[in-house]
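Structural description and commentary
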Protein chains: 2
Amino acid sequence: MHRTKVRVVEDALDANNTIARANRDDFDRDSVTAVNFMSAPGAGKTTLLERTVTALDGVRVGVLEGDVEGSMDADRLASLHVPVTQLNTAAGFGGECHLDANMVRSALPELPLDDVDLLVIENVGNLVCPAEFRVGEDARVMVCSVTEGEDKPLKYPLMFRTCDLVLVNKIDLLPHLDFDVEKLLANIEAVHPGVETMLVSARTGEGVDGFRGWLENAVARSGAPV
Amino acid sequence: MHRTKVRVVEDALDANNTIARANRDDFDRDSVTAVNFMSAPGAGKTTLLERTVTALDGVRVGVLEGDVEGSMDADRLASLHVPVTQLNTAAGFGGECHLDANMVRSALPELPLDDVDLLVIENVGNLVCPAEFRVGEDARVMVCSVTEGEDKPLKYPLMFRTCDLVLVNKIDLLPHLDFDVEKLLANIEAVHPGVETMLVSARTGEGVDGFRGWLENAVARSGAPV
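Here's what I pulled together on the structure shown here. Since the structure is predicted, the reported quantities are computational estimates derived from the model, not experimental observations. (Residues numbered from 1 in each chain as written. Chains lettered and ligands numbered in written order. Predicted model: local features only at pLDDT ≥ 70, side-chain atom pairs only at ≥ 80, totals over all residues. Heavy atoms only, no water.)

**Looking at the sheet that holds strand 2 (residues 61–67) of chain A**
For sheets, the rule is that strands pair by backbone hydrogen bonds, running either parallel or antiparallel. Residue and element names in this part refer to chain A. With parallel pairing, 7 strands are arranged side by side in an open sheet as 3-2-4-1-5-6-7. For this open sheet the edge positions go to strand 3 (84–88) and strand 7 (196–199), each flanked by a neighbour on one side alone. Averaged over all pairs of adjacent strands, the angle between their axes in this sheet comes to 20°, without regard to strand direction. Contacts between helix 2 (residues 45–52) and the sheet are confined to strand 1 (33–39), strand 4 (118–122), strand 5 (139–145) and strand 6 (165–169), with strand 1 contributing the most and set at about 140° to the helix. (Pairing = 2+ DSSP bridges. Helix = DSSP H or I, 4+ residues; strand = E, 2+ residues; numbered from the N terminus. Axes fitted to C-alpha atoms, helices over the stretch in contact; angles between N-to-C directions. Contact = heavy atoms within 4.5 Å.)

Here it is in structure tokens:
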């Protein structure tokens, strides 16, 4: 009796990565640079985007807005005349606490990829699960607010470890907090040596120029601008 | 041919609720009042507990500390000579973003339930999934920081809707924020009409007396004090 040789296909069950690759192929085909934008609830993602998306030099921005419910953030960005698509994880996805590749894929037909150089995917506010799901992004940016305490990199290491840029937001509040920025930066460095960090205030605009430059460079590196 | 009558057992697959009921039975047997304590990352749960757990009138407190990784919060509370058990969701539970009834059950043998009137279960920092899993608690308390913005009840309604008390924390920062407390309270009322709210500052201690009184009453209502 012959033994049939069984081929082991690694990663065969990881549908998420398969779909993320398909998303990435679609982004590449349309020369779109995709950024997965993550943070805890209320860290300031949307306010940072309001300060950024209309002021990028020669870069056309689109936003995919992920929330459990509602479209408040999408409405804020749409009022700036930026193309925004809302993805609610409560509607059809069971109230998920993160975006995954399939949710993003389901939104692609609604996105004007032809007219966009940079797609910002604003994830659900959460420091755990969003880090576990690739959605086809070229880069990951996370926002960490100084009001959250210096210990967050040690408590949520995967999020900090899988990011390309950490924005330390709300630095305008530093005079009113018992907060040690150097300690936070040391904790970030401990879990992700060498990762780029920027101190910013979405409220006052301090440091936001640096983030705009980072996004412009990310698009230029992908060779996306039409 | 006879038709066999099929009995529909509702909820049969909801192992979490079954185990939560078993936890609750164990808490009741030992006259322990259990509080599920939830918030976004960095909202101030642990600092509020530091202000509370050693100052309750005639109430012996124990803490079950839930984190993805590490034991920093547990160490902070243990230094106050409060019995603390650490539960890491990364170790054996796959890095879960919440506690569920089975995780809590696995920690029960480590907890000195005989010597405790009030068990505070500090959940993983997250506004989505912790709200979906009962762990056997008598009451749910959530902390919402004024730095997170007024819109959070509308974006994470299940969390606010399933709570018995909402602590609005970090009110010492109000003079430095563009934040409308009345708007937040109206949004809380919109998703959970009638829910009790308290304005507190874990940093200055303002309003924390009210939370201590609430916990003492919760224990008294359960008839727990020995």
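**As for the packing of helix 2 (residues 45–52) of chain B against helix 8 (residues 208–221) of chain B**
All names here are of chain B. Running from N to C, helix 2 and helix 8 point in directions that differ by 75°, and their axes come no closer than 10 Å. Regarding the angle of helix 2 to helix 8, the classification is roughly perpendicular. From helix 2, L48, R51 and T52 reach across to helix 8, where they touch V208, F211, R212 and L215. (Parallel < 35°, antiparallel > 145°, perpendicular 65-115°, else oblique.)

**Quick word on helix 1 (residues 15–29) of chain A**
Residues and elements named next belong to chain A. The end-to-end C-alpha separation of helix 1 is 21 Å, in line with the 21 Å expected for 15 residues at 1.5 Å each. If you check which residues of helix 1 are buried, you get N16, A20, N23, D26 and F27. Seen along its axis, helix 1 keeps its buried residues to an arc of 120°; they face one direction. Facing away from the buried side of helix 1, by more than 90 degrees, are the exposed residues R21 and R29. In the core, the buried residues of helix 1 are packed alongside strand 1, helix 4 (101–107) and strand 4. Remark: S31 follows helix 1 within two positions and exhibits a positive phi of approximately 50°. (Expected span 1.5 Å × (residues − 1). Buried < 20%, exposed > 50% of the residue type's maximum accessible area, 1.4 Å probe, protein only. Arc of directions from axis to C-beta.)

Note that every value here comes from positions in space, so none of it alone points to a role or purpose.
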